[in-house]
Amino acid sequence: GLARSAEAQRLLDKALAQAPDGLPPLLLAATLHLEADRGEEAAALLERAVAKHPRDYTAHFKLAQAYRRLGKEVEAAEQVKISEELKKLRDDFTKLHEQAADDPLNADLRFQLGRTALALARPDLADSWFRMALALNPRHAEAAATATTATPPPCHATRLKGPGHPPPRGRP
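Residues numbered from 1 in each chain as written. Predicted model: local features only at pLDDT ≥ 70, side-chain atom pairs only at ≥ 80, totals over all residues. Heavy atoms only, no water.

*Asks:* Any chance you could break down the nonpolar core for me, citing the residues and the numbers?
*Replies:* Core analysis: the largest hydrophobic core is formed by 20 residues, its most contacted members being Phe 93 and Leu 113. Of all the secondary structure elements, the ones that give two or more residues to this core are helix 5 (73-102), helix 6 (107-119) and helix 7 (123-136). Of the residues forming this core, the biggest block, seven residues, is contributed by helix 6. Apart from the residues within four sequence positions on either side, Leu 113 is in contact with Phe 93, Leu 96, His 97, Ala 100 and Trp 129. Judged by nonpolar contacts, the second largest core, of 19 residues, contains Leu 34, Ala 43, Ala 59 and Leu 63. (Core = buried A, V, L, I, M, F, W, Y, C linked by side-chain atoms within 4.5 Å. Buried < 20%, exposed > 50% of the residue type's maximum accessible area, 1.4 Å probe, protein only. Helix = DSSP H or I, 4+ residues; strand = E, 2+ residues; numbered from the N terminus. Contact = heavy atoms within 4.5 Å.)

Following this line, the structure appears as structure tokens:
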């Protein structure tokens with residue numbers, strides 16, 4: 001009831017105070033604002049979430065919802081576009097992961113997983129996949145060049161175009 005709601009809000013406020021840029025509490029607080037028809041508050045939290053977590057599909061998707069409720073259709077459409085591109089990257093990552101499980105000696109698949117992890121702003125995962133590619137094929141030039149210098153590309157919808165991977169290093 002009401003007591004549980006108040007306790008949940010208190011815990012959420014505490015989580016936001018401890019981690020003001022933490023994705024889970026930002027998303028939860030924004031969702032509660034959306035459910036209470038407080039679009040401005042939800043949008044402000046989601047804009048912060050997108051700024052701090054630019055490759056999070058859910059943050060962009062929920063921001064599109066908030067913008068729609070506020071009548072900001074152009075902004076909503078841009079957020080939908082970004083969220084769809086991020087969802088495709090996540091789906092690509094899942095498919096590549098399944099293929100890698102079925103083909104444990106394929107260095108190229110592991111390299112592609114690394115590139116996709118980079119596009120998802122997960123350099124920690126990317127580096128692991130690049131190192132696995134090198135373990136399988138020490139002469140894998142692209143993996144060798146990328147393994148120690150992996151940084152996520154800037155978050156911009158145009159950088160997410162193409163086959164779901166950032167362009168090779170050194171190309172615009």
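*Asks:* Describe in detail the pattern of salt bridges, supporting the description with residues and values.
*Replies:* Taken as a whole, this structure holds six salt bridges when the rule is applied. Among the ionic pairs, Lys 87 bridges to Asp 91, the shortest N-O distance being 3.3 Å. Taken together, the positions of Lys 87 and Asp 91, both in helix 5 and four residues apart, correspond to about one turn of that helix. Between Lys 88 and Asp 92 there is a salt bridge, with its nearest N and O atoms 2.9 Å apart. Highlighted residues: Lys 88 and Asp 92, both in helix 5, separated by four residues, approximately one helical turn. (Salt bridge = Lys/Arg side-chain N within 4 Å of Asp/Glu carboxyl O.)

*Asks:* Now, about the layout of surface pockets: what can you tell me, with residues and values included?
*Replies:* Of the pockets and cavities examined, the second largest pocket occupies roughly 210 Å³. If you go around the second largest pocket, the residues you meet are Leu 23, Lys 52, His 53, Pro 54, Arg 55, Asp 56, Tyr 57, Arg 90, Phe 93, Leu 120, Arg 122 and Leu 125. In terms of residue class, the lining of the second largest pocket is made up of six nonpolar, one polar and five charged. (1 Å grid on protein atoms, 1.4 Å probe; cavity = no way out; pocket = protein on both sides within 12 Å on 5 of 7 lines; lining within 4 Å. Points joined across faces, edges and corners; volume = space filled by probe spheres on them. Nonpolar A, V, L, I, M, F, W, Y, C, P; charged D, E, K, R; others polar.)

*Asks:* Quick rundown of the packing of aromatic side chains? Include the residues and the values.
*Replies:* Tallied over the entire structure, the rule returns two aromatic pairs. Ring plane angle 25 degrees and centroid distance 5.8 Å describe the contact between Tyr 57 and Phe 61, whose orientation is recorded as stacked. Of this pair, Tyr 57 and Phe 61 both sit in helix 4 (residues 57-69), separated by four residues, roughly a single helical turn. Under the relative-accessibility criterion, Tyr 57 is labelled buried at 16%. (Phe/Tyr/Trp six-rings, centres within 6.5 Å; stacked < 30°, edge-to-face > 60°.)

*Asks:* Go over unusual backbone geometry, please, and point to the residues and values.
*Replies:* In this structure, Asp 37 takes a positive phi of about 60 degrees despite not being glycine. In this fold, Asp 37 is placed in the loop between helix 2 (23-35) and helix 3 (39-52). Under the relative-accessibility criterion, Asp 37 is labelled exposed at 60%. At Ala 121, a residue that is not glycine, the phi angle is positive and equals roughly 60 degrees.

*Asks:* For the confidence of the model for the protein, give the residues involved together with the corresponding values.
*Replies:* In low-pLDDT segments, the atomic positions of the prediction should not be examined closely. Summing up the model confidence of the protein, the mean pLDDT is 85 and the portion of residues at 70 or higher is 83%. Ranking the elements of the protein by mean pLDDT puts helix 1 (residues 2-18) last, at 79, and helix 4 first, at 97. Contacts for the low-pLDDT stretch residues 154-172, under 50 throughout, to residues beyond four places or in other chains number 38 contacts. (pLDDT = per-residue confidence, 0-100.)

*Asks:* Account for the packing of helix 3 against helix 4, with residues named and values stated.
*Replies:* Put simply, helix 3 and helix 4 touch, their axes get as near as 9 Å, and they point 155 degrees apart. Between helix 3 and helix 4, the interaxial angle falls into the category roughly antiparallel. For the crossing formed where helix 3 meets helix 4, the hand is left-handed. On helix 4, the residues that touch Gly 39, Ala 42, Ala 43, Leu 46, Glu 47, Ala 49 and Val 50 of helix 3 are Ala 59, His 60, Lys 62, Leu 63, Ala 66 and Tyr 67. Looking at the contact of helix 3 with helix 4 residue by residue, the classes come out as nine nonpolar, two polar and two charged. (Axes fitted to C-alpha atoms, helices over the stretch in contact; angles between N-to-C directions. Parallel < 35°, antiparallel > 145°, perpendicular 65-115°, else oblique. Left-handed = near helix turned anticlockwise from the far one by under 90°.)

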